[in-house]
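# Report on the structure
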Amino acid sequence: MNKAVKRSKKAALVLMVPATGFFLASCSTEEPVPSAVYKNAEECAAFYNPPESCKAEFAKAEALHQQVAPKYQTQAECEADFGAGNCPEPAAPVPGQQQASSGGFFMPMMMGFLAGQMLNKSSSAKQSVPTQPLYKSKDDLSTFRTATNQPVARQTGPVSVMPSRMQVAPGKMASRGGFGAQAQRRSDQQSASSGG
Amino acid sequence: MKKLRIAERPGWRSYAESVGFNFHTFDGEPYWDESAYYQFSLQQIEQDLEGPTEEIHQMALSLVPEILASEQLLQQLDVPAPYWDWIAASWQSQQPHLYGRLDLAYDGNGPAKLLELNYDTPTSLYETGFFQWVWLEDQLMRGKLPAGADQFNSLQDQLEHRFATLNLLQPVYFSCVADNIEDKGTVHYLMDIAMQAGIDARFLGLDQIGEINGQLVDTDNYPLQSLFKLYPWEFMLREDFGTHLKSSNTRYLEPAWKMLLSNKGILPLLWQKYPNHPNLLPAFFDTEPAATLGAGWVRKPLYSREGANIELVDLQGQRLQVDGPYNDSGFVRQAFHPLPKFGDSYTLIGSWLVGDSAAGIGIREDNSLITKDSSRFLPHIILD
C-alpha cells in the first residue's frame, strides 16, 4: 500500500529559531561577484567586450546617473567633495518637458561605470550587481566610487565586488510614513490585527 | 470528525517561545490550545474539505474577470475608481498569488459551507503550518497518538515550493505593522520559509516604506521590486501613499486583483453565479444595513477582519453582535448556518490554499458563534 501522506515532509525553521552563527555570519560569508569598471563604452570595447553591449551598459549607467548621483544645492558644496571643475551647471529644464530628476541640483560628473554582470550572465549569485555610474572624490582621485561612496576599484578593467555594497539608491530624500494610518485609526478604536 | 482530549506536552510554552510563537497566549487567555484535538477520516478530509476548497477557489477566480468588466460591480464592491485599470492590469498580466484561506462550517457530515474568503491578509499560518505539525510529530514520538496518524497540512512544503517558483526579483521585502505581535509572527514565518527557498528576504516596517518620484523604496532608498504586505489592500489604497502603488515598479504579494476576492461582496456574487451550490450559503448585498436583521441571517461589512462588526440573528431569533472598527463600507447578508458545537465550543475550519492548491486546515474554537482573533486554535489528526 502506498498511501499518500497529507502533511509536510519537514517543517524546519531557520530564521525564527534563536540566532545561530549562520545568520550572524551571513554578511561576511557573502561571495564576491565578478564585474568590471570602464571609463566609457569605448574603453569597455577595447577590453574585448561586444561593442553593442558596452554601449547599452554605458547608456544604462548614464541614465541612472541623473537619479543616483549625490546632489547639492550649490556648486561650491559639490566641488568641495568632488574637486574644482567636476560639478557642471545643471542642465536648464526644457520647456514643456518633465523636469529631469536632477531638478536644478549640482551633481558630480560621472567618471566611469560599473558594467554590472555583463561578463557574467550565468552567475549563480543570488544578488545581482546593477550597472551604475561611478565617481571620484576630491581627496582620493584614484579610486572609482559608487554614488553611495563605496570604493570599487583603483583602475579600470575586471574587478570583484560585494553585491550588497553595489546596490543603487536614488540620490534624493525620500518621504516616509504614507502607509499604516488606517490600522492606527482602527486600533485606536479597538485592538485589531491587520490580518485575519 | 470528533474531538478528543489529550495531555498537553510538558513545557510546550517554553518551546513555543523558543521558536518564535510569542502569541500562544493572548491577553492572559490561551490561544494555542492542545488540551484536545480533532480527528478526521481521510475521506472527510479529501471529499468534504480538500476537494471543495479547490472547487470554491476556482469558482471565486471565475468571478474576477466578470467584476473587472463591470463598473457597476466594482462600485458595489466599493473599489475606488482610480485603481480599476491598475487592478485589471494585475489580473491580465497574470500576476501570481501566494496564499489564501477559506473559512468553512463543517461537522463531519454533509457539505462544508463557505462562510467567507480571506484572500488578502490571512493569518494563523504559523500555527497551522508549523506549530500544529510539530505537535503531531511530538505526540507521535511520545506514543500519545496512534501510529499512522497523519495531518492535512502540507502548508509549509507548498509555501516553500511556491516561493521557489514565483520568480520574484530580489531582495523580497516583507512588511506589516511592526508593533503587532501576531502579524509580525506571521510575516517572520513567511520570511523564514522564503529564505529556505533561497530568497533574500528582508523585513521592512510598514511605516518605514519610503517613496521617491512614485517609486516605493526601503530605508536606504533602494527600490522595492518585490513586496509582500500583511496589510489590507483596502487600507493601502486610501492612505497617503496609495497613489504610488500604481506608479511604483513593484511586484506585490498578494497581487492587486486579490483584493476583489477578499471583499465580502464576493459571497453574494458567488451565490448569484452558482445558486444552490452545496458548499455555498444564500447571500445578498444588504441594501438596508440599518434595517433590523431577521431570524436566520448574518450581516457582514464588505471589508472586515477578525469577526469585527458582524451581526448575527440565529434561527431562534437570538441576536449576537461584535462591535469593531469596520463600519465604513457596505454590507452583505448571508444565511445563518450554525457552527457545529463540540462540547462547549463552536468550531470553525480554516482551509488553506497555496497558489490554487488546497494545503491544509487549521481549527478555531470560540465560546460564541462568531470566531474572532482571540478564538482558540486546536490541532487535528487524520486517522482511519
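About the cut-offs
Residues numbered from 1 in each chain as written. Chains lettered and ligands numbered in written order. Predicted model: local features only at pLDDT ≥ 70, side-chain atom pairs only at ≥ 80, totals over all residues. Heavy atoms only, no water. Helix = DSSP H or I, 4+ residues; strand = E, 2+ residues; numbered from the N terminus. Expected span 1.5 Å × (residues − 1). Bend = angle between axes of the 7 residues up to and from the residue. Buried < 20%, exposed > 50% of the residue type's maximum accessible area, 1.4 Å probe, protein only. Contact = heavy atoms within 4.5 Å. Buried area = accessible area lost by both parts, 1.4 Å probe. Salt bridge = Lys/Arg side-chain N within 4 Å of Asp/Glu carboxyl O. Polar contact = N/O pair within 3.5 Å; in protein donor to acceptor, adjacent residues only side chain to side chain. Nonpolar A, V, L, I, M, F, W, Y, C, P; charged D, E, K, R; others polar. Axes fitted to C-alpha atoms, helices over the stretch in contact; angles between N-to-C directions. Parallel < 35°, antiparallel > 145°, perpendicular 65-115°, else oblique. Left-handed = near helix turned anticlockwise from the far one by under 90°. Pairing = 2+ DSSP bridges. Phe/Tyr/Trp six-rings, centres within 6.5 Å; stacked < 30°, edge-to-face > 60°.

Here we take up helix α5 (residues 125-141) of chain B. Residues and elements named next belong to chain B. Over its 17 residues, α5 extends 24 Å from the first C-alpha to the last, a length consistent with the 24 Å expected when each residue adds 1.5 Å. The sharpest bend along α5 reaches about 30° and sits at Phe131. Along α5, 14 of the 17 residues are buried, which leaves the element largely enclosed by surrounding structure.

Okay, the interface of chain A and chain B next. Chain A puts 46 residues into the contact, and the matching count from chain B is 83 residues. Buried surface at the junction of chain A and chain B, both sides included, amounts to about 5,000 Å², of which 52% is carbon and sulfur. Of all residues in chain A, the largest losses of buried area upon contact with chain B belong to Lys6, Arg7 and Phe179 of chain A, amounting jointly to 19% of the total for that side. Between chain A and chain B we count five salt bridges in total. Of the charged contacts, one joins Lys6 of chain A and Glu50 of chain B as a salt bridge, the two residues approaching to 2.6 Å between their closest N and O atoms. Viewed at the interface, chain B and chain A are joined by 23 residue pairs in polar contact (both at pLDDT 80 or more). Broken down by secondary-structure element, the contributors of at least two residues to the side of chain A that touches chain B are β7 (175-176) and α5 (181-189) of chain A. Element by element, the count of residues in the side of chain A that touches chain B is highest for α5 of chain A, at six residues. The residue inventory of the side of chain A that touches chain B, partitioned by class, reads 20 nonpolar, 16 polar and ten charged.

Between two packed helices, the angle of one axis relative to the other and the distance separating the axes together describe the packing. All names here are of chain B. Contact geometry of α5 with helix α7 (residues 181-196) gives a least axis separation of 9 Å together with a crossing angle of 55°. One element, α5, and the other, α7, form an angle in the oblique class. Handedness of the crossing formed by α5 with α7: left-handed. Here Leu125, Tyr126, Gly129 and Phe130 of α5 lie close against α7, whose contacting residues are Thr186, Tyr189 and Leu190.

All names here are of chain B. For strand β17 (residues 331-335), a buried count of four out of five residues is recorded, marking the element as mostly surrounded by other parts of the structure. As judged from the four bridges shared by strand β13 (residues 283-286) and β17, these two strands associate in the antiparallel manner. Paired with Phe285 across the bridge in β17 is Val332. Two strands pair when backbone bridges link them, and strand β14 (residues 297-301) and β17 are joined in this way by five bridges, in the antiparallel orientation. Looking at the pairing, Lys300 lines up with Val332 of β17.

Residues and elements named next belong to chain B. Per the counting criterion, the structure on display carries 30 aromatic pairs over all chains. Ring geometry for Tyr38 versus Phe342: centroids 5.1 Å apart, planes at 85°, classification edge-to-face. On the criterion of sequence distance, the pair formed by Tyr38 in strand β4 (residues 36-40) and Phe342 in strand β18 (residues 341-342) is long-range, its members being 304 residues apart. Neither Tyr38 nor Phe342 differs from the other in exposure class; each is buried. Note on Tyr231 and Phe235: the rings are 5.4 Å apart at their centroids and 75° apart in plane angle, and the pair reads as edge-to-face.

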